[in-house]
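# Summary of the model geometry
Below are the chains, spelled out letter by letter.
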Amino acid sequence: MLPKIHIHLKKYQENINYLTHLAHMYGLSVMVVSKVFCADQELINVINLTQVDMIADSKIRNLEKINTLKPKVLLRIPQLSEALDVVKYSDISLNSELDVIKELNEKAKFMFKKHKIILMFDLGDLREGIYYKDHYQHIIEDILSLEYIELYGIGTNLTCYGGVIPTVETLDKLRHIKENIENAFNIKLDMISGGNSSALPMLFKEELPKFITNLRMGEAFVLGRETAYGTLIPSMHDDVFTCEAEVIEIKDKPSLPEGELGMDAFGQKVQFEDKGMMKRAILGIGRQEVDCKHLIPPEGIEIIGCSSDHLIVSIIKGNYHIGDSITFKLTYGGILSLMTSPYMKRVYHE
Ligand SMILES: *Cc1c(COP(=O)(O)O)cnc(C)c1O
C-alpha cells in the first residue's frame, strides 16, 4: 500500500563504513545517531554489523528498545524526571545541569551502577551546554565528588540552532576548557566529543584539532552529506531513504485560483504566480506524513504545494497515469517526518 518509505539497508551500511573508516584512521571514535529514523531496529541491525563505536539517540524510549551490544548514548540532555531510565537504558549521557547530574547519581547509587557523563559546553551556537565564558570549576568539583558518576568527557554541539560552523578558532574554546579542567583537577578526560556531521569538512581537510576524540553523526550517514555547507560527499549515497506516493488525479488547470482569496487550510495567505494552464497531478500524501518542502522531486516534476492529505505537483515532462507512483528523495526533515508518521509503510531493501 502507498505511500511507502523505501529504506536501502546496504547503502546505509556503505555510508557508515565509509565515514567510520575515515574517522578511525584519524583516531576518532564515532557515535551513529539514530533519532532521525526513530531507532528502527532493521537499521540498528545494520549498524550492529559495522565498526561504528556507539549508538546515540535523543530519546530514552528509543534507547530502551534498541537491541545492540554497542554502548548506548543519550544525546539530549536528560529530563530530571527520567533520571532512573537514563541510568537504566544508557551507558553515557550528555549533560549540562548539575541538578540532573546529582539525580543521575542518586539513581545510579540505587541501581549500584556507575553512569558516565559528557559535560556539554556551548561555544556560541546557543543550544545546550554551559556557556563557555561562565565559571564551571565549581560544577566540575561537584561532579567529581559524586560517587556513582564518572566524568567521561566534555563535548560541544554546533550548527544545530545558531548555525555556527566549526572552525579551529571556535573549537579552540573547547580545547581551553579541556586543558583547564585537566590541569586544575589533575585528571584525564577520556572523550572530547567535538561535533556532528558539520565537523566533516574539517576532517576531510585534516584540520580537525587532534584533541578531539569523538564525533556524533546522524545526517551524514543517512544523506551522504556534511552539514556545515550541505555538500554531498563523493562515494556516499544520498538516497538511503526515498518516498513513493501514488498519483490520484491528473488534470489541466490554471495556475491561479479563482474567486475571492482568503487563507489556506493552515491559516496562511498564499501567493500565486500566473503561469497559465498547467498539467497538475495530485498524489496521495500530505502534511500528515511530510511537509512537501522536504520532498525532492524527480526530473520533470515540480512541487506546487500540499495540504494535510494532498500533494499537488506540476508535470513538466514525462507520461504519468492515474495509479502510477512517483518517488522522491528526501531532506533530513523529510526522513524525520516520514519515519515518525504512523501512516507510512516501511519497505526494506537489501
Ligand atoms: C542530533 C544530534 C547530533 C547529530 O547531528 P547530525 O547533524 O545529524 O550529524 C549530534 N549531537 C547532538 C547533541 C544531537 O542532538
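Below you will find a few notes about this structure. (Residues numbered from 1 in each chain as written. Predicted model: local features only at pLDDT ≥ 70, side-chain atom pairs only at ≥ 80, totals over all residues. Heavy atoms only, no water.)

## Some thoughts on the site of the ligand
The environment of the ligand is formed by 14 residues, the closest being Lys35, Ser197, Arg216, Gly218 and Glu219. Between the ligand and the protein, one listed contact pairs a nitrogen atom with a side-chain N or O atom of Asn157 at 3.3 Å. Contacts to the ligand include Glu219, whose backbone N or O atom sits 2.8 Å from an oxygen atom. In the shell around the ligand, the residues fall into five nonpolar, four polar and five charged. (Near = heavy atom within 4 Å. Polar contact = N/O pair within 3.5 Å; in protein donor to acceptor, adjacent residues only side chain to side chain. Nonpolar A, V, L, I, M, F, W, Y, C, P; charged D, E, K, R; others polar.)

## Brief notes about the pairing of strand β3 (residues 54-57)
Burial along β3 is two-sided: Met54 and Ala56 facing one way and Ile55 and Asp57 facing the other are all buried. The pairing of strand β2 (residues 29-33) with β3 spans three bridges and is parallel. The residue of β3 that forms the bridge with Val33 is Ala56. Running through helix α2 (residues 41-49), the crossover from β2 to the neighbouring parallel element β3 is right-handed. Summarising the sheet, β3 and strand β4 (residues 72-74) pair through three bridges and their orientation is parallel. If you follow Ile55 over to β4, its bridge partner there is Lys72. Crossover β3 to β4 through helix α3 (residues 60-65) is right-handed. (Buried < 20%, exposed > 50% of the residue type's maximum accessible area, 1.4 Å probe, protein only. Helix = DSSP H or I, 4+ residues; strand = E, 2+ residues; numbered from the N terminus. Pairing = 2+ DSSP bridges. Right-handed = clockwise from strand over helix to strand, strands pointing away.)

## Observations regarding the packing of helix α6 (residues 137-144) against helix α7 (residues 168-185)
Helix packing for two helices is described by the angle between their axes and how far apart those axes are. Relative orientation of the contacting elements α6 and α7 amounts to 55 degrees, with a least axis distance of 11 Å. One finds that α6 runs oblique with respect to α7. Read as a crossing pair, α6 and α7 show a hand that is right-handed. Judged by residue contacts, Gln137, Ile140, Glu141 and Leu144 of α6 engage Asn180, Ile181, Ala184 and Phe185 from α7. Looking at side-chain class alone, the contact of α6 with α7 contains five nonpolar, two polar and one charged residues. (Axes fitted to C-alpha atoms, helices over the stretch in contact; angles between N-to-C directions. Parallel < 35°, antiparallel > 145°, perpendicular 65-115°, else oblique. Left-handed = near helix turned anticlockwise from the far one by under 90°. Contact = heavy atoms within 4.5 Å.)

## Thoughts on α7
The end-to-end C-alpha separation of α7 is 25 Å, in line with the 26 Å expected for 18 residues at 1.5 Å each. Elements that come into contact with the buried residues of α7 comprise β6 (115-122), α6, β8 (149-156), β9 (191-193) and α8 (200-204). Directly after α7, the chain includes Asn186, whose backbone phi takes a positive value near 50 degrees. (Expected span 1.5 Å × (residues − 1).)

## Quick look at the pattern of salt bridges
When their charged atoms lie close together, side chains carrying opposite charge are able to pair. The full count for this structure, using the stated rule, is 14 salt bridges. As a salt-bridge pair, Arg346 and Asp40 come within 2.7 Å of each other at their nearest N and O atoms. Taken together, the positions of Arg346 in strand β17 (residues 345-349) and Asp40 in the loop between β2 and α2 put the pair 306 residues apart, joining distant regions of the chain. Where Glu249 meets Lys253, a salt bridge forms, and the shortest distance between an N and an O atom there is 2.9 Å. On the basis of relative accessible area, Glu249 is assigned to the partly exposed category, the value being 22%. According to the relative accessible area criterion, Lys253 is partly exposed, its value standing at 32%. One salt-bridge network, in which partners are shared between bridges, spans Lys178, Glu182 and Lys188. (Salt bridge = Lys/Arg side-chain N within 4 Å of Asp/Glu carboxyl O.)

## A short note on the nonpolar core
Core analysis: the largest hydrophobic core is formed by 93 residues, its most contacted members being Tyr12, Phe37, Phe121 and Phe241. If we ignore the near neighbours within four places in the chain, the residues touching Tyr12 are Val32, Phe37, Leu43, Val46, Ile47, Phe221, Val222 and Val240. Grouped together as the second largest cluster of nonpolar side chains are twelve residues, Val33, Met54, Leu75 and Met120 included. (Core = buried A, V, L, I, M, F, W, Y, C linked by side-chain atoms within 4.5 Å.)

## Quick notes on a nonpolar patch on the surface
A surface patch of nonpolar side chains, about 320 Å² in accessible area, is lined by Leu256, Leu261, Val270 and Phe272. Mapped onto the elements of the fold, Leu256 is located in the loop between β11 (241-254) and β12 (277-283). Judged by its relative accessible area of 35%, Leu256 falls in the partly exposed class. (Patch = residues over 30% accessible without salt bridge, like charges linked within 9 Å, V, L, I, M, F, W, Y side chains within 5 Å. Areas by Shrake-Rupley, 256 points an atom, 1.4 Å probe, with all protein chains shown as cover.)

## Overview of the environment of Glu82
Here Glu82 is to be found in the loop between β4 and α4 (83-89). Separated by 169 residues in the primary sequence, Glu82 and Lys251 have C-alpha atoms spaced 53 Å apart. Residue contacts for Glu82: discarding those within four places in its chain leaves Ile60 and Leu74.

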